[in-house]
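# Fold and geometry: a report
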Amino acid sequence: HNFMQLGVYSLEKVLYHGEAVSVNCQTASGEITILNHHRPLISILKQCVMKILDKDQKESYINVSSGFLNVAEGSQVKFLIEE
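Being a predicted model, the structure only gives us computed values, none of them experimental.

### Re the overall build of the protein
Summing up its helical and strand segments, the protein has zero helices and eight strands in all. A globule of 83 residues ought to have a C-alpha radius of gyration of about 12 Å, and the protein, at 11 Å, matches this closely. Dimensions of the protein, computed from the C-alpha atoms along their principal axes, are close to 30 × 25 × 20 Å. Relative to its full complement of 83 residues, the protein shows a buried share of 40%. Long-range contacts, defined as pairs at least 24 residues apart, comprise 47% of the intrachain contacts of the protein with a sequence gap of at least 6. Taking the average place of the 7 positive charges on the side chains of the protein and the average place of its 9 negative ones, the gap between the two points comes to 2 Å.

Given below as structure tokens:
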């Protein structure tokens, strides 16, 4: 399986849900790029523009003012953000 399962949620709606190759964002400890099979991680997000590369090589951008990131076993990646 070459893709992670990515979900990006705000309090109001689902901003992204599906398979992705990578996601780039700013955490409290700096800029990171999450790829498939990333080690489990929980982090706080800082203000940034999140960049998602999907399985069709299409880029999506989401404005983040703050939020949380959770990478779980099995490449399950979830973001809960404030836009």
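### Observations regarding the pattern of salt bridges
As enumerated under the stated definition, the model contains three salt bridges in all. Note that K55 is salt-bridged to E19, the shortest N-O span being 3.7 Å. In this pair, K55 is assigned in the loop between β5 (48–54) and β6 (59–64) and E19 in strand β2 (residues 14–27), connecting sequence segments 36 residues apart. A residue is classified by how much of its surface remains accessible, and K55, at 40% relative accessible area, is partly exposed. In this structure, E59 and K51 form a salt bridge, with 3.5 Å as the shortest nitrogen-oxygen distance. Taking relative accessible area as the criterion, K51 reaches 34% and is therefore assigned partly exposed.

Scoring rules and cut-offs
Residues numbered from 1 in each chain as written. Predicted model: local features only at pLDDT ≥ 70, side-chain atom pairs only at ≥ 80, totals over all residues. Heavy atoms only, no water. Helix = DSSP H or I, 4+ residues; strand = E, 2+ residues; numbered from the N terminus. Rg over C-alpha atoms; globule rule 2.2 N^0.38 Å. Buried < 20%, exposed > 50% of the residue type's maximum accessible area, 1.4 Å probe, protein only. Contact = heavy atoms within 4.5 Å. Lys, Arg positive; Asp, Glu negative; His and termini not counted. Charge placed at Lys NZ, Arg CZ, Asp CG, Glu CD. Salt bridge = Lys/Arg side-chain N within 4 Å of Asp/Glu carboxyl O.

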